[in-house]
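Structural overview for review
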Amino acid sequence: MVASAATAALLFLAGCSADTTAQLKRIGLPEAASDRAPAIGDLWIGSWIAAGIVGVFVWGLIGWAVIKYRSDNNDMPKQNRYNLPMEIFYTTAPFVIIGVLFYYTILAQNTVTARSAEPEVTVNVTAQKWSWVFNYKSADNPDVGEDVWEGGTIQQTPDLYLPVGKSVRFNLRAADVNHSFWVPSFYYKLDVVAGRNNNFEMTPTKEGVFRGKCAELCGTYHSAMLFNVHIVSEEEYEAHLRGLAEAGNIGEARGPKDVDPQGEAKQDQGEEVGQR
Ligand SMILES: [Cu+2]
């Protein structure tokens, strides 16, 4: 039976596109693009394996009881009251399962929240109704020489550029209400809490374009709070920053007023500034 189930699973996988097959192997997780991903990916897969073992054991017991004790007799079967070994077993087994999951969760959490003393790149992120501003702290970078920023508006999805293989520290702050910074491919998300400086660190590991979004229901146009993450080579990253400096995006932008003064004025007058 196990062999035929495995064959069916293989045939099913063979019928899917390479992308779908890869995602099925990750049990639904997106393509990984950060050094934090293996810790969360392993925890995810491990939890499914643990749940599978418990599930097969319980289904096995149910099947065994159904077959072994099947009968036409409708009388009440013998009741097992005060069976001490059985009671000890079903009291301790859940604690053991939770304990094992807890232990591996703490290990993964320590890995994903680890921070270095000196990150190679620092990005100050401002979350605002209804977009994002990314401030690249690159004054120390001789190639760029200045802090530069780029930001989005409700009509314009902003881009975030990151150099592959460099450790990045994100300092998150909110210009208004609470938001949440989420790039699914980083396997990590962190709330942006008004009045707090939340920060985290990661190293992008894969070049490409990945989706980012707000993961905290922050208001009417929450769903418009998208951004594109471009993980690029170091040369491309520096060229992009130089382009921002040439465009005059120098210094630090802290909110919608700095990014789109007209849009902000419209919003102040209570006008609709756009919709998706
Ligand atoms: Cu938001």
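Numbering of residues starts from 1 in every chain and runs along the sequence as written. Only residues with pLDDT of at least 70 are given local features in this predicted model, and only at 80 or more are side-chain atom pairs given and counted; all residues enter the totals for whole chains, interfaces and linings. Water and hydrogen atoms were dropped before computing side-chain values, which therefore reflect all heavy atoms in the structure.

**Some points on the side chain of Ser167**
- In this structure, Ser167 sits in the loop between strand S4 (159-163) and strand S5 (168-174).
- Residue burial is assigned from relative accessible area. The probe radius is 1.4 Å, only protein chains are included, and a residue is buried under 20% of its type maximum, exposed over 50%, and partly exposed in between. Judged by its relative accessible area of 13%, Ser167 is buried.
- Apart from the residues lying within four places of it in its own chain, the contact partners of Ser167 are Pro119, Glu120, Val121, Glu201, Met202 and Thr203. Helix and strand definitions here come from DSSP, where helices need a minimum of 4 consecutive H or I residues and strands a minimum of 2 consecutive E residues; each element is numbered from the N-terminal end. For this analysis, residues touch if any pair of their heavy atoms sits within 4.5 Å.

**A closer look at the UniProt feature "transmembrane region" (unreviewed entry) in the protein**
- UniProt positions are given in the numbering used here, feature names are shortened, and annotations may be inferred rather than shown by experiment. Following the UniProt record, one finds the feature "transmembrane region" (unreviewed entry) at residues 45-67 and 88-106.
- Helix makes up 100% of residues 45-67 and strand 0%. Its end C-alpha atoms lie 32 Å apart.

**Some points on the coordination of the copper ion**
- Listed as protein donors to the copper ion are His179 (ND1), Cys214 (SG), Cys218 (SG) and Met225 (SD); their distances from the metal cover 2.1 to 2.5 Å.
- Donor atoms: N, O and S within 2.8 Å of the metal, or within 3.2 Å for Na, K and Ca. Because water is excluded, sites can look incomplete. Note on geometry labels: four donors, all angles 85 to 135 degrees, give tetrahedral; four donors become square planar and six octahedral when opposite donors are over 155 degrees apart and every other angle is between 65 and 115; remaining cases are irregular. Every donor counted, the four donor atoms about the copper ion form angles of 91 to 123° at the centre, which fits tetrahedral coordination.
- Read N to C, the donor residues that coordinate the copper ion are spaced as H-x34-C-x3-C-x6-M. Placement of His179 in strand S6 (residues 179-183) and of Cys214 in strand S9 (residues 208-214) is noted, with a sequence separation of 35 residues between them. Of the two residues, His179 and Cys214, both sit in the buried class.

**Regarding the sheet that holds strand S2 (residues 131-136)**
- Strand pairing is assigned whenever DSSP identifies at least 2 bridges connecting the two strands. Spatial strand order, S3-S2-S1-S5-S8: five strands in an open sheet with mixed pairing. A single partner strand is all that each edge strand has here, and the edge strands are strand S3 (148-151) and strand S8 (198-202). For this sheet the average axis-to-axis angle between neighbouring strands, irrespective of direction, equals 20°.
- With respect to the sheet, helix H5 (residues 234-246) is in contact with strand S1 (121-128), S2 and S3, its orientation differing from that of S3 by roughly 85°. Angles shown run from 0 to 180 degrees and are taken between the N-to-C directions of axes, each axis being a line fitted to C-alpha atoms and, for helices, limited to the stretch in contact.

**Observations concerning unusual backbone geometry**
- Across the junction of Lys129 and Trp130, the peptide omega takes the value 10°, indicating a cis bond.
- Residue placement: Trp130 occurs in the loop between S1 and S2.
- A positive phi angle is found at Tyr82, which is not glycine, with a value near 55°.
- Along the chain, Tyr82 turns up in the loop between helix H3 (37-68) and helix H4 (84-112).
- Backbone geometry at Tyr187 places phi at a positive 60°, although glycine is not the residue there.
- Following the sequence through the fold, Tyr187 ends up in the loop between S6 and strand S7 (188-192).

**Description of the packing of H3 against H4**
- Where H3 contacts H4, the axes come no closer than 9 Å and their chain directions differ by 170°. On the basis of their axis angle, the class for H3 and H4 is roughly antiparallel. Here H3 contributes Ala39, Ile40, Leu43, Ser47, Val54 and Phe57 to the contact with H4, which in turn contributes Phe89, Ile97, Leu101, Tyr104, Thr105, Ala108, Thr111 and Val112.
- Three classes are used, and their members are as follows: Ala, Val, Leu, Ile, Met, Phe, Trp, Tyr, Cys and Pro are nonpolar, Asp, Glu, Lys and Arg are charged, and the others, Gly among them, are polar. Per-class residue counts for the contact of H3 with H4 are eleven nonpolar, three polar and no charged. Any angle that falls under 35 degrees is termed roughly parallel, while one over 145 is termed roughly antiparallel, one within 65 to 115 roughly perpendicular, and all others oblique.

**Points about the nonpolar core**
- Among buried residues, the Ala, Val, Leu, Ile, Met, Phe, Trp, Tyr and Cys ones that are joined through side-chain atoms within 4.5 Å form a nonpolar core. The biggest cluster of nonpolar side chains holds 44 residues, and the ones touching the most others in it are Val123, Trp132, Tyr136, Leu160, Phe170 and Phe181.
- Start and end positions for the domains come from either an automated domain assignment or a database one. There are two domains that each give this core at least three residues, and those are domain 1 (31-112) and domain 2 (121-268).

**Some points on the pattern of salt bridges**
- Each salt bridge in this description consists of a side-chain nitrogen of Lys or Arg and a carboxyl oxygen of Asp or Glu lying within 4 Å of one another. In total, this model carries eight salt bridges according to the counting rule given.
- In this structure, Lys137 engages Asp147 in a salt bridge whose closest nitrogen and oxygen atoms are separated by 2.9 Å. Remark: Asp147 occurs in the loop between S2 and S3 and Lys137 occurs in the loop between S2 and S3; sequence separation between them is ten residues.
- In this structure Lys137 comes out as partly exposed when scored by relative accessible area, which is 31%.
- Among the ionic contacts, a cluster of salt bridges with common partners joins Lys137, Asp147, Arg173 and Glu252.

**Section: the sheet that holds strand S10 (residues 226-232)**
- Strand order in the open sheet formed by five strands is S4-S10-S9-S6-S7, and the pairing between neighbours is mixed. Looking at the sheet topology across the chains shown, the edges are occupied by S4 and S7. Ignoring which end each strand starts from, the neighbouring axes of this sheet average 25° apart.
- Pairing between S6 and S9: two bridges, direction antiparallel. When the bridges of S9 are listed, Trp182 appears paired with Lys213.
- On top of the sheet, H5 reaches S4 and S10; it is set at about 140° to S4, its chief contact.

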